[in-house]
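# Understanding the architecture of this molecule
For reference, the chains in residue letters:
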Amino acid sequence: MKSGKIKPFFHFGGALLVTLAATAMAQAQAGPLPSADLQKIYDRLLKQIDRIPIYDNHSHATFPDDSDMDAMASPPEESTVLRLRDTNPEFVAAAKALFGYPYDDFKPEHAKWLIERKKAAEAAGGTAYWDSILDKMNIETCLANRVALAPYLDPQRFHWVFFVDSFLFPFDNHNQIAKNGDMGVYIPIQEKVLRRYMKQESVEALPADLAGYEAFIRRTLADNQKKGGVAMKFEAAYFRTLFFRDPAREKAEAIYAQFRAGGVPSEDDYRTFQDYVFRVLLDQAGKLNLPVHFHSAVGVGDYFSLRNGNPLNLENVLRDPRYSKVNFVLIHGGYPYTLDMIWLTAAKNVYTDSSLMGYYVYPSELKNILKQWISLFPEKIMFASDAFPFNDAVGAEETFWLAVRSARTAVAAALAELVAEGAFTEEKALELARLYLHDNAAKLYGEKK
Ligand SMILES: [Zn+2]
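What you see is a predicted model; the values in this text were computed from it and never measured.

In this section: the environment of Gly262. Counting through the fold element by element, Gly262 comes out in the loop between helix H9 (249–259) and helix H10 (267–288). Gly262 gets classed as partly exposed once you look at its relative accessible area, which sits at 33%. For the pair formed by Gly262 and Ala433, sequence separation is 171 residues and the distance between their alpha carbons is 53 Å.

What follows is the structure, given as structure tokens:
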């Protein structure tokens, strides 16, 4: 575009001013195709983005034999996405990058090298091992979603996100367990977590009435916060729909009175009770200023319902003025409903993260999702790894690595495209990268930098 053809809005005179106006206009108008220097912009941005310390919004940092790692277990028949199968050579690359793994596959006689190394780190005790894993990937702070925080996780670096679904299952759960193989695995774990909370609060049996049960819930949440909990997490999408109705307290009170000491509630009664208790949990989260995490995406298992897990189910709750003080964090980006998800974050107290999908899809696809998110509400999106051990060899260490490498390269590519398309400058791109990788989460959890 020649500057001579541009008419300045104001006639100041002078060739220099006309040229400046033309340059400014060229920058202000984004185009649909990237300029030819896209690769160079990407290389420059990635170099800077690698230096940004990460705040990881969701992980299960753990040794593989620690049953506190999650309130979930994968049913044996689950179908695994291509990238997460044992055959993915990226896991070998991860083990090489992190530990100098000397083999090119995970044949049992080779994987032994890695397993022994990790077992030795676990036996050594102390917090240095997991701190060093974070250091290798330039992760500064990491939320650990676990039943309890582990002694081998440094509380300065790993902050606890505790589970609350167990409060939804205080009654005889035979009908719940019998629904399908997944529920047969999940519900006994919920019962165990509830008993653990009762023990923690010195509650011997379920309280005599609903008021007592509500007090027990509120006390548990407050105590978990005192123990270092920075957020609470619902995995409810694995068990039921994320659409929660708003029943009257009297209904829940009557159901509690009827089934507290025994008897199997009907499906509808159980759901009504859960819908009410859910709202007690949110109310207490608001009072304690505890952000509320939701699994909102696809899930593992053979019977996971996409419809139940769709984050749009939560819209009535996210937009309810009674919970305007509650910060909601819809983790896993609502994948595959990522565009719906970013519009849910238009509400001022709603956030999302890129966990799970960051290793379900390859970086090119993650780039497309992040490009859309960044273009809409860049202050509401966070990096998260969902680091998780797949077996004794491929551990949370390798999935941390895969998620971090995928996210750093994907966000660099998304931003490089936007810069090359004329949307904004490289300087602005780095500012947006910092929001996603660190600053949005640091601000949400009150760690101003
Ligand atoms: Zn997770």
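We now examine the nonpolar core. The nonpolar side chains of a soluble globular protein tend to be buried, and buried together. The biggest cluster of nonpolar side chains holds 138 residues, and the ones touching the most others in it are Trp130, Phe167 and Tyr213. Among the elements that make up this core, the one with the highest residue count is helix H16 (residues 396–420) (17 residues). Excluding anything up to four places from it in sequence, Phe167 contacts Leu194, Tyr197, Tyr213, Phe216, Ile217, Thr220, Leu221, Phe273, Val277 and Leu281. Membership of the second largest hydrophobic core comes to 12 residues, among which are Tyr55, Val161, Val329 and Ala442.

Tetrahedral coordination by four donors places them ideally at 109.5 degrees to one another around the metal; octahedral coordination by six donors ideally gives 90 or 180 degrees. Coordination of the zinc ion by the protein is provided by His58 (NE2), His60 (NE2) and Asp386 (OD), with metal-donor distances spanning 2.1 to 2.2 Å. For the zinc ion, the single-chain donor residues occur in sequence as H-x1-H-x325-D. With His60 in the loop between strand S1 (54–59) and helix H3 (89–99) and Asp386 in the loop between strand S8 (381–382) and H16, the pair connects residues that are 326 residues apart, well separated along the chain. Among the residues examined, His60 registers a relative accessible area of 3% and is labelled buried. Given a relative accessible area of 6%, Asp386 falls into the buried group.

Our next topic: the environment of Leu418. Tracing the chain through its elements places Leu418 in helix H16. Remark: the alpha-carbon pair of Leu418 and Lys287, spanning 131 residues in sequence, is separated by 41 Å. Contacts of Leu418, omitting those with residues within four sequence positions, involve Lys371, Ile374, Ser375, Ala423 and Phe424.

Scoring rules and cut-offs
- Residues numbered from 1 in each chain as written.
- Predicted model: local features only at pLDDT ≥ 70, side-chain atom pairs only at ≥ 80, totals over all residues.
- Heavy atoms only, no water.
- Helix = DSSP H or I, 4+ residues; strand = E, 2+ residues; numbered from the N terminus.
- Buried < 20%, exposed > 50% of the residue type's maximum accessible area, 1.4 Å probe, protein only.
- Core = buried A, V, L, I, M, F, W, Y, C linked by side-chain atoms within 4.5 Å.
- Contact = heavy atoms within 4.5 Å.
- Donors = N, O, S within 2.8 Å, 3.2 Å for Na, K, Ca; no water.

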